[in-house]
Amino acid sequence: MLNVFQKIKCPPKVEDLIKIELNQLPKIQGNTIKDREIRRLKSYSDLIQRYIDFVKSFPRLDDLHPFYKESIEIYAGKNIGEIKNCLAITSRASLNAIIILKKYIGLIKKLDESNSNKLMRQGFGRASSILRQKKDCIDWLIDLAKTLRKMKYIDPELPTVIVAGAPNVGKSTLVTKISSGKPEIANYPFTTRDIHVGHFYIRENQIQVIDTPGILDRPNSQRNQIERKAINALKNLKGIVVFLFDVSKQALYSPEEQINILKDTLTLSKKIIIAINKIDEMHKEYYDKVIEYLNKSNLDFTEISAEKEIGIDKLKEKILKLLAEEYELI
Ligand code: GDP
């Protein structure tokens, strides 16, 4: 699943493709004038074939994991049906352009040599104009494919620990501390910030851990439509949530605001572990407010310092226990 988008073969955009061929034309020579012009059109046809290969290399959109489907729709601002339509348009336009080129190759073969160069230029022009007519669609698809390739790091099939909480609470620090290697940086269409994706192992089981900048870090009421959709995409990851509170004096969000974000996160209907972070720089007033709410709501919690690595082992134990309840780990 992880590499489905890696296989996409991205071609140049329409104007670039035409330019590449225009630069190539003078370099293509032949034994006769006819031969030369035929070779030129064949070379253009091979280049256009890259659009057909591009469409073929796309993973079947209907078979994609719902996480990817939703992520693609968010980025594209179009639904899967419209994207499929664009793929079909690209394929058809390229095929038509190739057919035109074949037709002109036939004419060059048939007619007198004095017509060859003119026919080559006509064929080239007509094929280019077919592509140009569908340029918006083709170029847009190429941009989409480039974004999809960058989305490779999150594997929706893996058991996932989603680290949530207000901005600056220490989410990415925690991802780094509980991952066995250096987390990768993934760009996702639904957030302007980079998502950190790390991994650790429970025996043979690979577990993925991600933070959620710009997604699960503000109250629902302030979220725009894209963010709400992004939350839906996250819902499609199999996983548990670790929710962080920042109780240091430097906290960017007040305890009340952080509690509101927790309330929204609880609606994700995922199993959740609550951790109070920055316990090394705890501000008593903030800490007391958070504790009061958690106790009142009968919510269990653990205290950590992601940076100073306090309480991380205990948090990890809780994570393992919850994951073991959720998945059949081997
Ligand atoms: P994110 O925006 O939630 O991903 O937060 P970051 O992981 O980027 O951390 C924000 C800031 O908090 C950084 O300057 C971290 O060094 C700091 N930080 C993270 N965890 C702790 C902690 O346990 N204690 C203290 N004192 N600072 C921390």
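What comes next concerns the included structure. (Residues numbered from 1 in each chain as written. Predicted model: local features only at pLDDT ≥ 70, side-chain atom pairs only at ≥ 80, totals over all residues. Heavy atoms only, no water.)

Observations regarding the sheet that holds strand E2 (residues 184-186)
In space, the seven strands of this open sheet follow the order E2-E3-E4-E1-E5-E6-E7, with mixed pairing throughout. The sheet is open, and its two borders are formed by E2 and strand E7 (302-303), each paired with just one other strand. The sheet contact formed by strand E1 (residues 160-164) and strand E5 (residues 239-246) spans five bridges and is parallel. Looking at the pairing, Val-161 lines up with Ile-240 of E5. Running over the sheet, helix H7 (residues 171-178) touches E1, strand E3 (195-202), strand E4 (205-211) and E5 and is turned about 160° from E4. (Pairing = 2+ DSSP bridges. Helix = DSSP H or I, 4+ residues; strand = E, 2+ residues; numbered from the N terminus. Contact = heavy atoms within 4.5 Å. Axes fitted to C-alpha atoms, helices over the stretch in contact; angles between N-to-C directions.)

Overview of the site of the ligand
Taken together, 15 residues sit near the ligand, with Lys-171, Thr-173, Asp-280, Ser-305 and Glu-307 positioned nearest. Between Val-169 and the ligand, the recorded distance is 3.2 Å, taken from a backbone N or O atom to an oxygen atom. Here an oxygen atom of the ligand and a backbone polar atom of Ser-172 are 2.9 Å apart. Look at the ligand: alone it shows 580 Å² of surface, and the protein chains cover 79% of it. Looking at which element gives the most residues to the shell around the ligand, the answer is H7, with three residues. When its residues are assigned to classes, the shell around the ligand shows three nonpolar, six polar and six charged. (Near = heavy atom within 4 Å. Polar contact = N/O pair within 3.5 Å; in protein donor to acceptor, adjacent residues only side chain to side chain. Areas by Shrake-Rupley, 256 points an atom, 1.4 Å probe, with all protein chains shown as cover. Nonpolar A, V, L, I, M, F, W, Y, C, P; charged D, E, K, R; others polar.)

What about the nonpolar core?
Within the largest apolar cluster, 105 residues are counted, with the highest numbers of intra-cluster contacts made by Leu-174 and Ile-319. Per-element tally for this core: the top contributor is helix H4 (residues 80-110), with twelve residues. Mapping this core onto the domain boundaries places at least three of its residues in each of domain 1 (14-151) and domain 2 (154-326). (Core = buried A, V, L, I, M, F, W, Y, C linked by side-chain atoms within 4.5 Å. Buried < 20%, exposed > 50% of the residue type's maximum accessible area, 1.4 Å probe, protein only. Domains from an automatic or database assignment.)

Quick notes on the state of the cysteines
Scanning the model with the defined rule gives one disulfide in all. Here Cys-86 is linked by a disulfide to Cys-137, with a sulfur-sulfur distance of 2.0 Å. On the criterion of sequence distance, the pair formed by Cys-86 in helix H4 and Cys-137 in helix H6 (residues 135-150) is long-range, its members being 51 residues apart. Relative accessible area serves as the criterion here: at 8%, Cys-86 is assigned to the buried category. For Cys-137, a relative accessible area of 13% puts it in the buried group. The structure places no disulfide on Cys-10, whose sulfur is separated from the nearest cysteine sulfur, that of Cys-86, by 14 Å. Residue class for Cys-10 comes out partly exposed when judged on its relative accessible area of 22%. (Disulfide = S-S within 2.5 Å.)

Purely spatial values, then, with no claim about function.
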